[in-house]
Amino acid sequence: MEKTKRTKLGMYLSFGVTILTIVLVLKLLNWIPSSFQKEDIRKYKTVEDVKANLKGARVYVPAYFPEKIKWPPAEIFAQKKPFLLIMMHFAHIDSMDIALSVYQADSKANFEPRRDILYVKKESSLSIKGREGRLVMAVCRGNERCNSLSLEEGRFRLTLVADDTPEQLIKMAESMLHGE
Amino acid sequence: MWLSNTFIGMYVVQTFMHSLVAVLIIERAIRIWGVKNPLSRFRYRLMTLILPVSMFPVYNLINMDRNTLFFREEKALFNINRWLTIEIWDIIPVSAIFLIFLLGTSIIFFLQEVIPIIRDSFSKEKDGNHDPLPVNAEIDSMVEEFSEALGIEKPPVNIIDSETPVILTAGTKDHTIILSSGLINLLDREQLRNAVAHEFAHIARRSNATTWAIFIIRILMFFNPIVLIVFRKIVQDDEHICDDITVTLTKKPFVLASALKVFYSSHDELKPSFMGRITDMKEGIENYSHNLLLKERITRLEGEDINEDKYFEWGKFLLTVSVIIAVNYFVV
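Owing to the predicted nature of the structure, the values given are computational and were not obtained by experimental measurement. (Residues numbered from 1 in each chain as written. Chains lettered and ligands numbered in written order. Predicted model: local features only at pLDDT ≥ 70, side-chain atom pairs only at ≥ 80, totals over all residues. Heavy atoms only, no water.)

**Observations concerning empty space enclosed by the protein**
Residue and element names in this part refer to chain B. Rule in force here: A cavity here means a set of 1 Å grid points, computed over protein atoms only, where a 1.4 Å probe fits but cannot escape. A pocket is an open set with protein on both sides within 12 Å along at least 5 of 7 lines, and lining residues have an atom within 4 Å of a point. Grid points are joined across faces, edges and corners, and a volume is the space filled by probe spheres set on the points. Asp, Glu, Lys and Arg are counted as charged, while Ala, Val, Leu, Ile, Met, Phe, Trp, Tyr, Cys and Pro are counted as nonpolar; the rest, among them Gly, fall into the polar class.
In this structure the tally under the stated criterion is one cavity of 30 Å³ or more. Estimates place the volume of the largest cavity at around 40 Å³. Phe42, Ser207, Thr210, Thr211, Ile214, Phe231, Ile234, Val235 and Asp238 together form the lining of the largest cavity. In the lining of the largest cavity, the residues fall into five nonpolar, three polar and one charged.

Below, the structure is given as structure tokens:
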């Protein structure tokens, strides 16, 4: 009886070890490419780190933020290949919720930031410091406001998505651009 | 990049990874849990096909964000896109190598499974229906006996005039046992009784219908090399199950083993020379794998380890399946 119990326990232990080994191997296989591949998507700690890694490419960051948005970005992801992409998420000053997302992608890449839009209230075209822009006022999952502003800047498409007013979005977009 | 940007591409890639994880866990679980009964093994291995074919759409229904960059980078255990975006010496994309690998599997599937079916259906149309030979009283009494023993309707028996030893069951709903005159001449009465009993086991288990259902999953994952191997293993398990049913009917495993030896092909197996024609090699490989399966069945029947662990342990099975589902959720 005691022996059967021990054998059963051994079986479950062995099964557990197998699963743990598979999980660890998967983790290792996931890590290997990033150890020698410096160009695929990675998480960065600071904007300076992104600038250092993406030598030559300009990183667009708003100079103006509404008071409720916390600096520095809570999360930064960037990749060089298959196309250049930088994503920054800014948190609310008083919570960890994302208040603003800034996407900078190669305009040829057909990259669309993912949002769970419930419905679009209004769409309009506008000019921001001479660049053609598109403002979308929408409501996303959880009935949250998720307005967005996209514009073409050189070889990039910049997109800002925020739980904020169109005026604030425009101000932030303007602060990202050089020129008049 | 098609493989990582489109729904079909992601389905192809993730299904491959999910079946790889599933096969590793299931084959290891079969050993750890000591699953020896072929029916139990059959159930376990079936999960290697059923789970991966359906997992990707189900996961996406549960969590729409599962394929986003954030999930891939932050939550996933393994993100295959990290590998697919690599370029060896900056010229050879890993994704292209992976695609060639899947294409190779698809070609094998086409040559091995699709062409024979097409060829077979065409040759049947061309040959037409030959008049079957009359069924002798001995075979008729065997059919009667096994129909009663298994509680199934007495199937018709067709005896074809051919020297090649053949016995098979045709049909998925209404079954017909097909026997060749050559086989009747080669086997003694007891061997023939065991061979017929084996076909009855297939009818009782509805093996043909099950194999077709599994084959549909196989078609859906024609690009997947793991499915190619597992499908064969499942068919092998089905043969073992039917051998076990036969033994419970006839109580003579050694006689069934001796009957199987008749089918053991004397053809050349793998030809060492690559100078031969591809068709010769293909035939050689097929004979080799056919003989390997027969050899395994014969050894098993001549050994003493059949019909073990008769009770299927659902707890362990469900634990294994749950772990596969949980791990694969984080494999994108």
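**Here we look at the side chain of arginine 205 of chain B**
Residue and element names in this part refer to chain B. Let me state the cut-off plainly: Here a strand is any run of E in DSSP of at least two residues, a helix any run of H or I of at least four, and the numbering for each starts at the N terminus. A 3.5 Å cut-off defines polar contacts: any pair of N or O atoms within that distance qualifies, except that in protein one atom must be a possible hydrogen donor and the other a possible acceptor, and neighbouring residues in sequence count only when both atoms are side-chain atoms. Residue contacts are defined here by distance: any two heavy atoms, one from each residue, within 4.5 Å place the two residues in contact.
Structurally, arginine 205 is set in helix H9 (residues 189-205). Here the side chain of arginine 205 touches aspartate 238 through a polar contact of 2.8 Å, side chain to side chain. The residues contacting arginine 205, other than those within four sequence positions of it, are Leu39, Phe42, Thr210, Asp238, Ile241, Cys242 and Ile245.

**Quick look at the domain arrangement of chain A**
Accessible area lost upon the coming together of the parts is a frequently used measure of interface size. Stated precisely, the cut-off is as follows: These domain boundaries are the output of an automatic or database domain assignment.
Assigned domains within chain A: domain 1 (1-37) and domain 2 (42-176). With centres defined by C-alpha atoms, the gap from domain 1 of chain A to domain 2 of chain A works out at 41 Å.

**Remarks on the pattern of salt bridges**
Residues and elements named next belong to chain B. The cut-off we apply is this: In what follows, salt bridge is the name for a side-chain nitrogen of Lys or Arg lying within 4 Å of a carboxyl oxygen of Asp or Glu. A 1.4 Å probe rolled over the protein chains alone gives each residue an accessible area, and that area as a share of the maximum for its type sets the label: buried under 20%, exposed over 50%, partly exposed in between.
Under the counting rule described, the total for this entry stands at 22 salt bridges over all chains. Across the salt bridge formed by arginine 45 and aspartate 237, the nearest N and O atoms sit 2.9 Å from each other. One end of the pair, arginine 45, is in helix H3 (residues 38-62); the other, aspartate 237, is in helix H11 (residues 225-250), and 192 residues separate them in sequence. For the pair shown, arginine 45 and aspartate 237 are each scored as buried. The closest approach of N and O atoms between glutamate 190 and arginine 193, which form a salt bridge, is 3.6 Å. With glutamate 190 and arginine 193 both in helix H9 and three residues apart, the pair spans about one turn of that helix. The exposure class of glutamate 190 is partly exposed, given its relative accessible area of 22%. Counted as one network, the salt bridges with shared partners bring together Glu138, Glu145, Arg189, Glu190, Arg193 and Lys252.

**Details of the sheet that holds strand S4 (residues 167-170) of chain B**
Within a sheet, adjacent strands bond to each other through the backbone by hydrogen bonds, running parallel or antiparallel. Residue and element names in this part refer to chain B. Rule in force here: Note on pairing: DSSP must find at least two bridges between two strands before they are called paired. Here an angle of 0 to 180 degrees is reported between the N-to-C directions of two axes, which are lines fitted to C-alpha atoms, with helices fitted over the stretch in contact.
Pairing within the open sheet is mixed, and its three strands lie in the order S3-S5-S4. For this open sheet the edge positions go to strand S3 (157-160) and S4, each flanked by a neighbour on one side alone. Pairwise comparison of adjacent strand axes, ignoring direction, gives a mean angle of 25° for this sheet. In this structure, S3 lies alongside strand S5 (residues 176-180), joined through four bridges in parallel fashion.

**Some remarks on the environment of arginine 205 of chain B**
Exposure remark for arginine 205 of chain B: the relative accessible area of 19% places this residue in the buried category. For the pair arginine 205 of chain B and arginine 189 of chain B, spaced 16 residues apart in sequence, the C-alpha separation works out to 24 Å.

**Section: the interface of chain B and chain A**
Formally: When two parts are put together, the accessible area they lose, computed with a 1.4 Å probe and summed over both, is reported as buried area.
With 31 residues of chain B at the interface, the matching set in chain A holds 32 residues. Summed over both partners, the interface of chain B with chain A comes to about 2900 Å²; 68% of that surface belongs to carbon and sulfur atoms. Of all residues in chain B, Phe70, Leu77 and Arg82 of chain B give up the largest surface area on contact with chain A, accounting jointly for 21% of the area buried on that side. Our count for the chain B to chain A interface comes out at zero salt bridges. Linking chain B with chain A are five residue pairs in polar contact (both at pLDDT 80 or more). Within the residue set of the side of chain B that touches chain A, elements represented by two or more residues are helix H2 (7-32), helix H4 (69-75), helix H5 (81-84) and helix H14 (314-329) of chain B. The element contributing the most residues to the side of chain B that touches chain A is H2 of chain B, with seven residues.

**Here's the deal with H9 of chain B**
Given 3.6 residues per turn, any residue in an α-helix points the same way as the ones three and four places further on. Residue and element names in this part refer to chain B. Applied cut-off: Helices are assigned an expected span. That span is 1.5 Å times one less than the residue count.
In this model H9 runs 24 Å from its N-terminal to its C-terminal C-alpha over 17 residues, within 8% of the 24 Å that 1.5 Å per residue would give. Of all 17 residues that make up H9, 14 are buried, and the element is covered over most of its length. For H9, the N-terminal cap is aspartate 188; the gap from its side-chain oxygen to the backbone nitrogen of glutamate 190 is 3.1 Å. Backbone geometry just downstream of H9 places arginine 206 in the positive-phi region, at approximately 55°.

**Comments concerning the nonpolar core**
For clarity, the cut-off: What we call a nonpolar core is a set of buried Ala, Val, Leu, Ile, Met, Phe, Trp, Tyr and Cys residues that are connected through their side-chain atoms within 4.5 Å.
Ranked by internal contacts, the top residues of the largest apolar core, which has 64 residues, are Phe15 and Leu26 of chain A together with Ile25, Trp33, Tyr44 and Phe98 of chain B. For this core, the secondary structure elements donating two or more residues are helix H1 (2-36) of chain A together with H2, H3, helix H6 (94-127), helix H10 (207-220), H11 and H14 of chain B. Looking at which element gives the most residues to this core, the answer is H2 of chain B, with 14 residues. Filtering out sequence-adjacent residues up to four positions away, phenylalanine 98 of chain B remains in contact with Leu3, Val13, Phe16, Ile80 and Leu84 of chain B. Ranked by size, the runner-up nonpolar core spans 33 residues in total, among them Ala57, Ile69, Leu100 and Ile128 of chain A.

**Quick word on the pairing of strand S5 (residues 117-128) of chain A**
Residues and elements named next belong to chain A. Note: S5 against strand S6 (residues 131-140), 10 bridges, orientation antiparallel. For serine 127, the partnering residue across the bridge sits in S6 and is glutamate 132. In this antiparallel pair of consecutive strands, S5 and S6, the connection spans two residues, and lysine 129 shows a positive phi of 50°.

**Things to note about the confidence of the model for chain B**
All names here are of chain B. Applied cut-off: Note: pLDDT gives the predictor's confidence per residue, expressed from 0 to 100.
Of all residues in chain B, 89% have pLDDT values of 70 or greater, and the mean over the chain is 85. Highest mean pLDDT in chain B belongs to H14 (96); lowest belongs to helix H1 (residues 2-5) (72). Segment residues 266-273 is flagged for pLDDT under 50; beyond a separation of four residues in sequence, or across chains, it makes 12 contacts in the model.

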